[in-house]
Amino acid sequence: MPNSDGLPDPPPLATIIAGGPLSLFLDFDGTLVELAPKPDAIEVRPGIDHGLVGLSAKLDGRCAIVSGRSLNELQHYLGNIPVGWAGSHGVDIRSPQGHSLGDTPDGLPNVIESELKRFAEEHDLGFERKPHGGALHYRSCPEKGEAVHAFADELAAEHGWRAQSGKCVAELVAHGASKGEAVNLFMSEMPFVGSRPYFLGDDLTDEAGFEACAVLGGAGILVGERARNGSKTKAQFALPDVGSVHEWLGI
């Protein structure tokens, strides 16, 4: 049944797998776990780690978590399970065997971090330092969203970084960091090479993943209802919520 974006449900996972080698790229917050008022307030369903291990085995290792969170955070919640990892919006990437893939850029410059912290303190926002970026969270005061994004855009332009939007968050990341680039890098490595990639995600930052998968002959699956930003999603399918993601994945 189409959702409000006019997207149909994806075919059953077993049907897609029957059509040939499949790779799955999974966002974390809002896709595998429910969103929470603060990043550290999420609740991870017991057993999801074992479910992901089984899913990866079913796909011959072609499964990766692709998130804005750092790898340390992701593995804190899921354990060091044998899947692919792309943290910090695709900046820090590891193969299912634990090997680093691609270059690792420098961390957040002190001058940008200082400005983000100052703005957060002045406006009672949450600041999150990431290994290769920084974020301002305004879920507790959504009325400040416009000012937050304007500040982030200005700060990024001043220092040659990139600002990106998410659900009640504005982030600064290094140029070249995107979930689409993470998909492309994984797809150039074994065991992902030659498969059809599908990306599941709920937020604006996942659009790059949807687009990369479509270009490579796969598809994007939008999870839940996403805030409008004047552009049409690049996903081809949709699932209504986190519970339906677990059900579709069989985890």
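Right, let's walk through the structure included here.

Rules used in this analysis
Residues numbered from 1 in each chain as written. Predicted model: local features only at pLDDT ≥ 70, side-chain atom pairs only at ≥ 80, totals over all residues. Heavy atoms only, no water. Helix = DSSP H or I, 4+ residues; strand = E, 2+ residues; numbered from the N terminus. Rg over C-alpha atoms; globule rule 2.2 N^0.38 Å. Buried < 20%, exposed > 50% of the residue type's maximum accessible area, 1.4 Å probe, protein only. Contact = heavy atoms within 4.5 Å. Areas by Shrake-Rupley, 256 points an atom, 1.4 Å probe, with all protein chains shown as cover. Polar contact = N/O pair within 3.5 Å; in protein donor to acceptor, adjacent residues only side chain to side chain. Pairing = 2+ DSSP bridges. Salt bridge = Lys/Arg side-chain N within 4 Å of Asp/Glu carboxyl O. Axes fitted to C-alpha atoms, helices over the stretch in contact; angles between N-to-C directions. Parallel < 35°, antiparallel > 145°, perpendicular 65-115°, else oblique. Left-handed = near helix turned anticlockwise from the far one by under 90°. Nonpolar A, V, L, I, M, F, W, Y, C, P; charged D, E, K, R; others polar.

In this section: the overall build of the protein chain. In terms of helices and strands, the protein chain carries eight helices and 12 strands. For 251 residues, the compact-globule formula gives about 18 Å, and the C-alpha radius of gyration of the protein chain, at 17 Å, lands near that figure. Overall size of the protein chain, expressed as C-alpha extent along the three principal axes, is 55 × 40 × 35 Å. For the protein chain, the residues scored as buried account for 52% of the 251 residues in total. Within the protein chain, counting contacts between residues at least 6 apart in sequence, those at least 24 apart form 58% of the total. Surface accessibility of the protein chain: about 11,100 Å² in total, with carbon and sulfur atoms responsible for 52%.

Time to look at the environment of Gly-209. By secondary structure assignment, the location of Gly-209 is in helix 7 (residues 207–215). Here Gly-209 falls in the buried class, since its relative accessible area comes to 0%. Along the backbone, Gly-209 and Gly-180 are 29 residues apart, and their C-alpha atoms lie at a distance of 4.1 Å. For Gly-209, the contacting residues outside a window of four places in its chain are Lys-179, Gly-180, Val-183 and Phe-199.

Met-190 connects to Pro-191 through a cis peptide bond whose omega is 10 degrees. Its place among the elements puts Pro-191 in the loop between helix 6 (179–187) and strand 10 (196–201). Of note, Asp-60 is a non-glycine position whose phi angle comes to about 55 degrees, a positive value. For Asp-60, the position within the fold is in the loop between helix 2 (48–58) and strand 2 (63–66). With a relative accessible area of 55%, Asp-60 lands in the exposed category. Its identity as a non-glycine residue notwithstanding, Ser-88 has a phi of 50 degrees, on the positive side.

This brings us to helix 8 (residues 242–249). Within helix 8, six of the eight residues are buried, leaving the element largely enclosed by the surrounding structure. Summarising the contacts, the buried residues of helix 8 are in contact with helix 1 (13–18), strand 1 (22–26), helix 2, strand 10, strand 11 (219–223) and strand 12 (237–239). Looking at where helix 8 begins, the residue whose side-chain oxygen comes 3.4 Å from the main-chain nitrogen of Gly-243 is Asp-241. With its phi angle positive at about 75 degrees, Gly-250 sits one or two positions after the end of helix 8.

Quick look at the pairing of strand 6 (residues 126–130) now. Strand direction decides the pairing type here: strand 6 and strand 7 (residues 133–137), joined by five bridges, are antiparallel. Counterpart to Phe-127 in the pairing with strand 7 is Leu-136. Adjacent in sequence and paired antiparallel, strand 6 and strand 7 are bridged by two residues.

So, about the pattern of salt bridges. A complete count under the given rule lists nine salt bridges for this structure. For Arg-69, the salt bridge is made with Asp-29, and the minimal N-O distance between the two is 2.6 Å. On the criterion of sequence distance, the pair formed by Arg-69 in the loop between strand 2 and helix 3 (71–78) and Asp-29 in the loop between strand 1 and helix 2 is long-range, its members being 40 residues apart. Residue Glu-113 is joined to Arg-129 by a salt bridge in which the shortest nitrogen-to-oxygen separation is 2.8 Å. Of this pair, Glu-113 sits in helix 4 (residues 110–123) while Arg-129 sits in strand 6, and the two are 16 residues apart along the sequence. Here the residues in one salt-bridge network are Asp-27, Lys-179 and Asp-206, joined through shared partners.

Turning next to the sheet that holds strand 6. Across the sheet, four strands lie side by side as 6-7-9-8; this open sheet has antiparallel pairing. Each having just a single partner strand, strand 6 and strand 8 (162–166) make up the two edges of the open sheet. Neighbour-to-neighbour, the strand axes of the sheet open up by a mean angle of 20 degrees, direction not taken into account. The pairing of strand 8 with strand 9 (residues 169–173) spans five bridges and is classified as antiparallel. By the bridge assignment for strand 9, Gln-164 is matched with Glu-171. Along the sheet, helix 4 contacts strand 6, strand 7 and strand 9; its crossing angle with strand 6, the most-contacted strand, is approximately 160 degrees.

A few words on the packing of helix 4 against helix 5 (residues 145–159). Geometrically, a packed helix pair is captured by the angle between its two axes and the distance between the axes. For the pair helix 4 and helix 5, the least separation of the axes is 11 Å and the interaxial angle reads 165 degrees. With respect to helix 5, the axis of helix 4 lies roughly antiparallel. For the crossing formed where helix 4 meets helix 5, the hand is right-handed. Contacts between helix 4 and helix 5 involve Val-111, Ile-112, Glu-115, Leu-116, Arg-118 and Phe-119 on the former and, on the latter, Ala-147, Val-148, Phe-151, Leu-155 and His-159. Here the residues of the contact of helix 4 with helix 5 sort into eight nonpolar, one polar and two charged.

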